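Here's the letter readout for the chains.
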Amino acid sequence: MNEAPITLVVIEDEKPIRHFLAKSLEDAGMQVFEAENGKRGLIETATRRPDLVILDLGLPDMDGIEVIRRIREWSNLPILVLSARSQETEKVNALDNGADDYLTKPFGVAECLARIRVLLRRQSGSAASQQVFQFGAIKVDLVNRLVEKAGEAVHLTPIEYRLLSTLIRHAGKVMTHRELLREVWGPSHSESSQYVRMYMGHLRHKLEDTPALPKYILTETGVGYRLKTGE
Amino acid sequence: MTDHRPDPDALLEELKREEEAAQRGRLKIFFGACAGVGKTYAMLAAAHARIREGCEVVVGVVETHGRSETAAQLIGLEVLPLKQIEYKSRKLPEFDLDGALTRQPALILMDELAHSNVEGSRHPKRWQDVEELLAAGIDVYTTLNVQHLESLNDIVGQITGIVVRETLPDNVFDAADDVTLVDLPPDELLARLRAGKVYMPHQAERAAKNFFRKGNLLALRELALRRTADRVDAQMRAYRADQAIQPVWQARERLLVCVGPGASAEKLVRSASRLAASLHADWIAVYVETPALQRLPGEKRDRILKILKLAQELGAETSVLSGAQLPATLLAYARSRNVSKIVVGKSLRSGLSRFWKPALSEKLAQQAEDVDVFVVAHDFFEREEDVSRKKQLPDEETARRQRIGFLAALGGCALTTLITAGLLNYFDLANVVMLYLLTVVLLAIRYGREAGIFSSIMSVLAFDFFFVPPRFTFAVADTQYLFTFAVMLVVALIISQLAARLRFEATVATHREQRTRALYDLGQELASALTVQQIVEIGMRHLDALLQSQVMLLIPDSSEQLRPASEMPPQIDLGIAQWVFDHQQAAGHGTNTLPASPALYIPIKAPMRTRGVLAILPSDKHSSLLPEQQRLLETCAVQIALALERVHYVEVAQDAVVAMESERLRNSVLSTVSHDLRTPLTSLVGLTTLLEKDTLTQHERTEIAGIIRHETLRMSNMVTNLLDMAKLQSGVKLNKEWQLLEEVIGSAANATERNLAGHEVRVNVPPELPMVEIDAALIERVLVNLLENAGKYTPAGSTITISARIESGMLAVSVADNGPGLPAGMDSRIFDKFTRGVKESTTPGIGLGLAICRSIVEAHGGRISARNHEPHGAVFTFTLPLGSPPAAKLES
C-alpha cells in the first residue's frame, strides 16, 4: 500500500493496556498515538486527525461519555469504546451518544483488529454502496428488495425488511435498541425495545438455520444486535 | 455481738459517697437566721477570695436588693445573663441552667437556695438546678435562711406567725459539703433594719415589721445555731468513725411513720422527721392501703400522695403497702426492714368508742413487744378542719348510689312487712324478727353499709309499729319487747356492717384479680415477644388499657437517642423523655422535674441499664396516678424492661452467631480463592520466564502463549464470578424486560462457544413460547454458568441439550448433559457457595457458579434444582414465573 498509514489515537489510562494495544496495532501497520487521560486524548484527536479513536470509558480526569460528545461536536470519525463486562447501561449510553462500537475487556488482539477493520470499512462506505449483500446462504438484493436463502425467495414483512437492511447498512457494528427503533420505526416512534426483540425473533426464524443458535443475527445482551458477516 | 464489727452496708455507702463526691461539685451554704444578716455579702466576699486564688468564678444569680455594699461586691465578677421565660404571656427573668452548664465554670454563685423557679423552667425549685450543676462537677456557693428548711418550717411558722412557702428539703442541706453560719446578734440586726440596710418587699412591709421582733429574731437565731451545731456534731461523729477513734458500730436505727388520710398527717410526718434527725436514724414513711382506705375519694388519696412526697423531701424513704389489717401489715413491713421505732398519730376517737375499738397505737403495742411505739399528738384546729372535711358533700356518683340504696332499703322493709303480715297466722313473732334480719343482710350485701344501717333502723321501727302489740302504734305494751328491739338493732347493725364489708372485699378481690390477670397476660405476651417492636406494641396496648391513659413507649437507637414513636401525641416532649433517659429519673406530671408538663415520663430500668422511657398522658389532666396504679405501672415497667433486655441479649447472641458464620465463610473463601488464583498465577509466572529464553522454537513459543492466554481467561472468569457474587449479595436490582428466551439462550451459547468447542450443543425450544419478564443479562449469566459447568464436568464429545417448556404455570429451562452425572448426595448442596462436586480436583473453578445461578433464579421468583437422569448425565433445571406479556402489535 502506498497510501498514508492508518492513524489511531488510543485514550486509555492503564499503561499496560495502552502499550499492548499500541504494539499490536503498530505491528498491524497502523500508526498509534497514545493519550493517558481524556484531556490529552481530545488534544491528540484534534491535532493528529486520526482515522479512528479507541477510548476507554473509565478515565481518571473526565467521563468517557463526555469525551465522545466533545469529539462528536466536530467529527464523525469512528470511536471504539473499551469497557468492562456487566456495564451494559454504560455501553448503551456510550453507543447512544455517538460511539460506533465497543469491546469488552478482556479482549484479544485479533478481536480488536477485526472491529477496527469493520469500522474503517464502513467509514469508507463500501458496504452500503453494494447492490447485493451476501452472508452465508443469504443473499439480499438491496436495490430490488429481494431476499433469498439458499436460492429460495424469503418473504419478509416491511418492518422485517427494514430491520434487515438497517443491520446490513451497519454490518459488523453493534446497533442499540434505540438506534434500531429510530431507523426502522422512525424518529417519532416510541415503541419499546420488546418490539425490536419480537421482530428480530421473526427475522431469525426466517433466515437462520437454528434460530436459537444464531450464526448471523447476534444478540449483544443488554445492548442490542449485531449482524455478523463473513469474518 | 455484731456491734463491734463494721456494718458492711455503711462501709459500702461510705465508699459510694466518696466516689460520687470525687466527681461532683462541692456545695457550700452560707446559712443565716433570717434576712439581713449578711449572707449574700459573705458569699461574695468568699468568692472574691477564691478569685484571688485563681479560681474561675461566675455569678449565676445574686439578689443585691438594691444594697450598695452588696452591689459593690459584684464589681469584677462575671455575671451570667438571665434567661427570659414566658409565663402567662409575660416574660420573666430566670436563671439560665443550660447556659451555666455550657459555660462550665469552676464555681458558680447561686443566691437563695430555696427560691421557686418561674413556671416553665426545667425544675420547679432552684435547689434542683443546683443539684444538676453539682452533678456536672461545678462547685456552688449559695445562701439559705433557717426558716426555709422543710423540717423547721412549721416551727418557724408557729414562732413568727408567718408561713414560708418556699422550702428546702433537709437532705439537700445535710448533704452540703460546707455550711458556714453567718451570724449577727439581734440588736445589731435591728439597728441595721432601722438604718434601712435590710431589704423588705413593699407589699409585705407590715408583716415583715412584725417578723423582725426581738423575740422572733432570738428564736430564729437559736434555731440556726442549733441546726449548725447538729451538723457539726454529725461531722464529729463521722470523723471519729473514719478515724476509728471509737470503734463502736451501732446498727442504725430505723424509724417508721405510718401516715393516714387525716389532715394531721403532715404534722405527723414533720414530727417524725425531727425525731429521726435527733436520733440520727433513717426513717421510712408508709401508707397502708386497707380495703377501707381504698374507698376514700380521689382527692383524699391525692393528699396522701402529697404527704408522702413531703416525707420524701424531708429525707424519708416512702412506700405504699397494701393489706387487709393495718397493724399486721405495718408490723410485718417493720420487721422486714429492721425498724426499731414506729410513729403513729394519736387516735381521734373519744371515750366509749376507744373502749369499743382500740386505737392503732394500742394494737401495735399489743402485737409487737420488740418495737417502740411513739404516739404524736394532734393540733386542735387541725382536728376541726378534719371534721369539717368530713361534712363535705360526697361526689355525685356516690350520692346517686346512696339514694338508690335508701330507696331499696325502704322498699325491702315494706315488702318484708307485707309478706310477714300475710303469714302472721302461721308465724311466731320471733320468726318475724328473723325475716327482717334476712332483709337487712340482703340489702347490705347489695347496696352497702349505709343502706344496711338504714334498713336496720327501718326494720326495728316497722316491727314495732306493725307487729308488736298494741299494733299500729309505736307504743309497747310489754317492756320485754324493748330488749328485743335493742338486740335486733344491734344484730342488724353488725350483720349489715359485716355483709357490706364482705361485699366490698369481694369487689376489691375481683379488682385485684383483674389486675393480676392483666399483669399475667402482659407477662405472658412479653415472654413470647421476639423483637423490640413487638414489645413496644404489647407494652403500649396493655398499659393503655390498665391505666386508661395514653401510653407511649420510647426506645433509644444505637446512639442512645430516643426515637420518636409513630403517632406520638404532641403533648409528649421528646426532649423531656431524653432527659429522663439520660438521668434515669422520672420527670413530668406529678414529679419534681417539670411538673407543668402534661405527661409523666418514667425510665424503664433493667438490671444492666435503662432501656427506654414510658410516657404516660393521663386522660384527665389533673389527676395523678393512684398508689395502686403507680405500683402497677412499676411492675409493668419492670416486666417491659426485662423483656427488652432479653431481646437485646438475644440479638447480641444472634449477631455473634452471624459473625462466627461469616468468619467461617470468609476463611473458606480466602482458602479457596487463594488456592485457585495462585495455581494459574504460578504457572503464568513460570511460563513467562520460559518465554524469555532464546532457545525456544517458534512453535514452542506459540504453544506457551496459547497456554498463557487460556489461563488468564480462566482467571478472568473466576474474578467475574467473584464480583458477580459480591454484587448479587449486596442486593441486586433486577432490570426486568420482556424477553424472548430463545434470544437469551442464543447469546449464552454464543458466549460459551469457545469453551464448548469440543462439545455438541443442542437447543430444543418450542417457537411458540411466550415472552418472559426477566433481566436478560442475569439469566444469560445463569445459562452461561450452567453451560460452562456442563462443559467442565463432561468429557469432550459429550452432548449438552438446552430445552424449555411450560410446566405448572412456570417456564422451566433445563441444561442436560450425558456425562458422568452428579456425585451422590450433592443434589442440593451443590448450589451452596464454595461447594464443588469433587474436592480439590484439578478441574478449575471455585464453586461459585451454581451459587450465583441460585441467587439470580431466586431473585426472579423461580427455583433451581439438579438431578441425574437416565442412562447417565446431569440435568440442571430452573423455573421462571410466567407473566402476561404485552399484546403484540401486528404490522398492518
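Note that the coordinates shown come from a computational prediction; the quantities given were computed from them, not determined experimentally.

Peer 1: An account of the interface of chain A and chain B is requested, with residue identities and associated values reported.
Peer 2: Many structure descriptions define interface size as the accessible area lost when the parts assemble. Across the boundary between the two partners, chain A contributes 25 residues, which contact 31 residues of chain B. Carbon and sulfur atoms supply 52% of the area that chain A and chain B bury against each other, a total of about 2300 Å² over both sides. Run the count over chain A and chain B and you get nine residue pairs in polar contact (both at pLDDT 80 or more). At the level of elements, helix H7 (158-169), helix H9 (193-207) and strand E11 (217-220) of chain A are the ones that each hand at least two residues to the side of chain A that touches chain B. In terms of residues, the side of chain A that touches chain B owes the most to one element, H9(A), which gives nine residues. Among the residues forming the side of chain A that touches chain B, the class breakdown is twelve nonpolar, nine polar and four charged.

Peer 1: Please provide a residue-by-residue account of the pairing of strand E6 (residues 132-135) of chain A, values included.
Peer 2: Residue and element names in this part refer to chain A. The two faces of E6 differ: Phe133 and Phe135 on one face are buried, but Val132 and Gln134 on the other face are not. Pairing of E6 with strand E7 (residues 138-141) involves four bridges; the strand directions are antiparallel. Paired with Phe135 across the strands is Ile138, a residue of E7. Hairpin connection between E6 and E7: a loop of two residues separates the two successive antiparallel strands, and Gly136 in this loop has a positive phi of roughly 60°.

Peer 1: Requested: an account of the confidence of the model for chain B, with residues and values cited.
Peer 2: Residue and element names in this part refer to chain B. On average, chain B scores 80 in pLDDT, and the residues at 70 or more come to 87%. Within chain B, no element has a lower average pLDDT than helix H17 (residues 380-390), which sits at 40, and none a higher one than strand E22 (residues 810-817), at 92. Contacts from residues 245-250, a stretch scored under 50 in pLDDT, to residues over four places away or in other chains number eleven contacts. This model gives residues 380-394 a pLDDT under 50, and the stretch forms eleven contacts once residues within four places in sequence are excluded.

Peer 1: Any details on the sheet that holds strand E17 (residues 610-618) of chain B? Residues and values, ideally.
Peer 2: Residue and element names in this part refer to chain B. Across the sheet, four strands lie side by side as E14-E17-E16-E15; this open sheet has antiparallel pairing. Bordering the open sheet on either side are strand E14 (549-554) and strand E15 (587-588), each of which pairs with just one other strand. Taken together, the six bridges between strand E16 (residues 600-605) and E17 define a ladder with antiparallel strand orientation. Following the sheet pairing, Lys605 is matched in E17 by Thr610. Contacts from helix H22 (residues 532-547) reach E14 and E17 within the one sheet, and its direction differs from that of E14 by about 155°.

Parameters and conventions
- Residues numbered from 1 in each chain as written.
- Chains lettered and ligands numbered in written order.
- Predicted model: local features only at pLDDT ≥ 70, side-chain atom pairs only at ≥ 80, totals over all residues.
- Heavy atoms only, no water.
- Contact = heavy atoms within 4.5 Å.
- Buried area = accessible area lost by both parts, 1.4 Å probe.
- Polar contact = N/O pair within 3.5 Å; in protein donor to acceptor, adjacent residues only side chain to side chain.
- Helix = DSSP H or I, 4+ residues; strand = E, 2+ residues; numbered from the N terminus.
- Nonpolar A, V, L, I, M, F, W, Y, C, P; charged D, E, K, R; others polar.
- Buried < 20%, exposed > 50% of the residue type's maximum accessible area, 1.4 Å probe, protein only.
- Pairing = 2+ DSSP bridges.
- pLDDT = per-residue confidence, 0-100.
- Axes fitted to C-alpha atoms, helices over the stretch in contact; angles between N-to-C directions.

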